[in-house]
Amino acid sequence: MIKAIKGTKDTLPTDIPSWRKIEDDVRRIMENFGYYEIRTPVFEETALFSRGIGEATDIVSKEMYSFTDRSGTSITLKPEMTAAVVRAFIEHNLGKIQNLNKVYYISPMFRQERPQAGRLRQFHQFGAEALGCNDPSLDAEMIILAWDIIRGFGLKDLTVKINSLGIPSSRENYRNILREYLSPHLNNLSEDSRNRFDTNVLRIFDSKVESDQEIMKGAPLLLDHLDEESLDHFNKVKEYLDTAEIPYEVDPKLVRGLDYYTNTTFEILSNSVGSQSALCGGGRYDLLIEQLGGKTTPGIGFAAGIERILLACENENSLDISLPQKDIYITRIEKELQKEAYALCVRFRRAGLNAEYDYSGRSVKAQMREANKLNAKYVLMLGGDEYANGKILLKNMRNSEQEEFDINSIDEIINKLRGV
RNA sequence: GUGGGAGUAGCUCAGUUGGUUAGAGCAUCUGGUUGUGGCCCAGAAGGCCGAGGGUUCAAAUCCCUUCUCUCACCCCA
């Protein structure tokens, strides 16, 4: 038997209402905040991601779905959206059309990781990017936007964490300070953390090994070594967040794995999913655009994992999804009336109503059970003496009341159903 | 890539000192008199017990191999 590829999932009809709810709310709120949808191809030239995200990152060095096409070009299924949006921004000169471009997306992403709770190989993100402005109010807006959307799904157990990574020079300076602090402890660090000492010291803060955490407790913090401008920016972001009553925590240990971040970074975490608790992550990237060949332009964005949000919603039972309904189910008593029932069904559908009938010619009881199962508001019944006298019965399935209609006045029924 | 757990009906799971035609609940289908749903009742259908090999008179049950799913590390959304 052929099965779906590891780490991919089918979204079955019964799953769709939750997905629609997420997607609809995302679109509505994004657009209220002034963001316009953008769509980019599922694959890009590999170089876009290796240059954008960073050659040394895990995403680029071991998680990308890359292949060579027939022309010999190395192509990669997009593992994240920011680089793709920036590419489109540069390619179409969007910065020339307006100073500030605010876009959002809902799209599948691909990373070849070992699947687990809240982690798939094809997963879906929604997110936003704002290119062209570095005002701290925009940093705050990103966080407010993400918070409002995610909070809107009824989730309770959420935490917002923010931090600032400063500008590269102050970060580099801090890295050396951190290395100095860690040098004497090097032999006591876990193997993973020892490796990170050279490649990405900051990430040692993320270590889940207790002894590492013990050592890191005494470590100097990046926030205490920020340059004045970055610190000022960060303080203003916090002020704007306060005006919007966002319950954030400053987490000086919040380090994000993508190379392009500068200044503000943030995450929204949930306690009701597994260990992959980050529902959303983002930050400012003021150097990425020129790094990818565009004119120097500040940018900020976030991405949120739809599967993770759905997982949290399931665990908190927070999404109220109403059952799908049928406007009308058409039944017939005598099998000879099958064609008439069919014609009526088509007529109702063409009138814009959600109509169904029994394709397999089953008993009245079976038809009624089906109508009930489909959550039909009304059942129309053809047959018997009524039909012989030019009448049909309309049964209200909520209160079981039945009403007789003239067979020539289907429009009356249609109007009645539309009014419901 | 490294560990732990699990694979029996569509779903959730019972089922070992190895022993007759492998079970339950839910879901499905059909009925419970002549034309009517939800509750209830009855019946039916549905399984090479993940796959391959081995031990045995006998394997869902024991051993080996393999595949898949799952959780965690790692990393991130």
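Everything below is about the structure shown above.
Cut-offs and rules
Residues numbered from 1 in each chain as written. Chains lettered and ligands numbered in written order. Predicted model: local features only at pLDDT ≥ 70, side-chain atom pairs only at ≥ 80, totals over all residues. Heavy atoms only, no water. Phe/Tyr/Trp six-rings, centres within 6.5 Å; stacked < 30°, edge-to-face > 60°. Helix = DSSP H or I, 4+ residues; strand = E, 2+ residues; numbered from the N terminus. Buried < 20%, exposed > 50% of the residue type's maximum accessible area, 1.4 Å probe, protein only. Pairing = 2+ DSSP bridges. Axes fitted to C-alpha atoms, helices over the stretch in contact; angles between N-to-C directions. Contact = heavy atoms within 4.5 Å. Left-handed = near helix turned anticlockwise from the far one by under 90°. Nonpolar A, V, L, I, M, F, W, Y, C, P; charged D, E, K, R; others polar. Patch = residues over 30% accessible without salt bridge, like charges linked within 9 Å, V, L, I, M, F, W, Y side chains within 5 Å. Areas by Shrake-Rupley, 256 points an atom, 1.4 Å probe, with all protein chains shown as cover. Salt bridge = Lys/Arg side-chain N within 4 Å of Asp/Glu carboxyl O. Core = buried A, V, L, I, M, F, W, Y, C linked by side-chain atoms within 4.5 Å. Polar contact = N/O pair within 3.5 Å; in protein donor to acceptor, adjacent residues only side chain to side chain.

**Q** Kindly report on the packing of aromatic side chains, identifying the contributing residues and their values.
**A** Enumeration over the complete set of coordinates arrives at six aromatic pairs. When the ring of Phe-126 is compared with that of Phe-302, the centres are 6.3 Å apart and the planes differ by 85 degrees; the resulting orientation is edge-to-face. Placement of Phe-126 in strand S6 (residues 122-131) and of Phe-302 in strand S11 (residues 299-305) is noted, with a sequence separation of 176 residues between them. Accessibility expressed as a relative area gives 2% for Phe-302, which makes it buried. Between Tyr-260 and Tyr-285 the ring centres are 5.6 Å apart and the planes differ by 65 degrees, which places this aromatic pair in the edge-to-face class. Taken together, the residues span a long stretch of sequence, with Tyr-260 in the loop between strand S8 (248-250) and strand S9 (262-270) and Tyr-285 in the loop between strand S10 (278-284) and helix H11 (288-291) at a distance of 25 residues.

**Q** Please give an account of the sheet that holds strand S2 (residues 43-45) that cites residues and values.
**A** Ordered by their spatial adjacency, three strands build an open sheet running S2-S4-S3, and the pairing between neighbours is antiparallel. Where the open sheet ends on each side, the last strands, each with one partner, are S2 and strand S3 (66-68). Here the average twist between neighbouring strands, direction ignored, is 35 degrees. Relative to strand S4 (residues 74-77), S3 runs antiparallel, the two sharing three bridges. When the bridges of S4 are listed, Phe-67 appears paired with Ile-75. Across the sheet, helix H2 (residues 46-53) touches S2, S3 and S4, and the angle it forms with S2 is around 75 degrees.

**Q** I'd like a description of the packing of helix H1 (residues 16-32) against helix H6 (residues 136-151), backed by residues and values.
**A** For any two helices packed against each other, the geometry comes down to the angle between their axes and how far apart the axes lie. Across the interface, H1 lies against H6 with an axial gap of 10 Å and an inter-helix angle of 150 degrees. The way H1 lies across H6 gives a crossing that is right-handed. Contact with H1, carried on its side by Val-26, Ile-29 and Met-30, involves Leu-145, Asp-148 and Ile-149 of H6 and no other residues of that element. Of the residues belonging to the contact of H1 with H6, the class tally is five nonpolar, no polar and one charged.

**Q** So what's going on with helix H4 (residues 82-91)? Which residues, and what values?
**A** Here H4 lies mainly inside the structure; seven of its ten residues are buried. On its buried side, H4 packs onto S2, H2, helix H5 (94-97), strand S5 (101-110), S6 and H11.

**Q** Could you give an account of a nonpolar patch on the surface, naming the residues involved and the relevant values?
**A** Judged by side-chain polarity, Val-42, Phe-43 and Phe-67 come together as a nonpolar surface patch covering roughly 260 Å² of accessible area. Within the fold, Phe-67 resides in strand S3. We classify Phe-67 as partly exposed; its relative accessible area is 37%.

**Q** Which residues make up the nonpolar core, and what are the values?
**A** In this structure, Met-30, Phe-126, Ile-150, Phe-302 and Ile-309 are the most contacted members of the largest nonpolar core, which totals 89 residues. Broken down by element, this core gets its largest block of residues, ten residues, from H6. When near neighbours in sequence (up to four residues on either side) are disregarded, Ile-309 contacts Ile-22, Phe-126, Ile-150, Phe-153, Leu-155, Leu-279 and Ala-304. With 21 residues, the next largest nonpolar core counts Leu-337, Ala-341, Ala-355 and Leu-382 among its residues.

**Q** I'd love a proper account of the side chain of Asp-25, names of residues and values included.
**A** Within the element layout of this structure, Asp-25 appears in helix H1. Looking at Asp-25, its side chain comes within polar contact range of the side chain of Arg-28, at 3.2 Å.

**Q** Quick one: what's the story with the side chain of Ser-270, residue by residue and with numbers?
**A** Following the sequence through the fold, Ser-270 ends up in strand S9. There is a polar contact of 3.0 Å between the side chain of Ser-270 and the backbone nitrogen of Ser-272. Beyond its immediate chain neighbours, meaning those up to four positions away, Ser-270 contacts Asp-157, Leu-158, Ser-277, Leu-279, Ala-312 and Glu-316.

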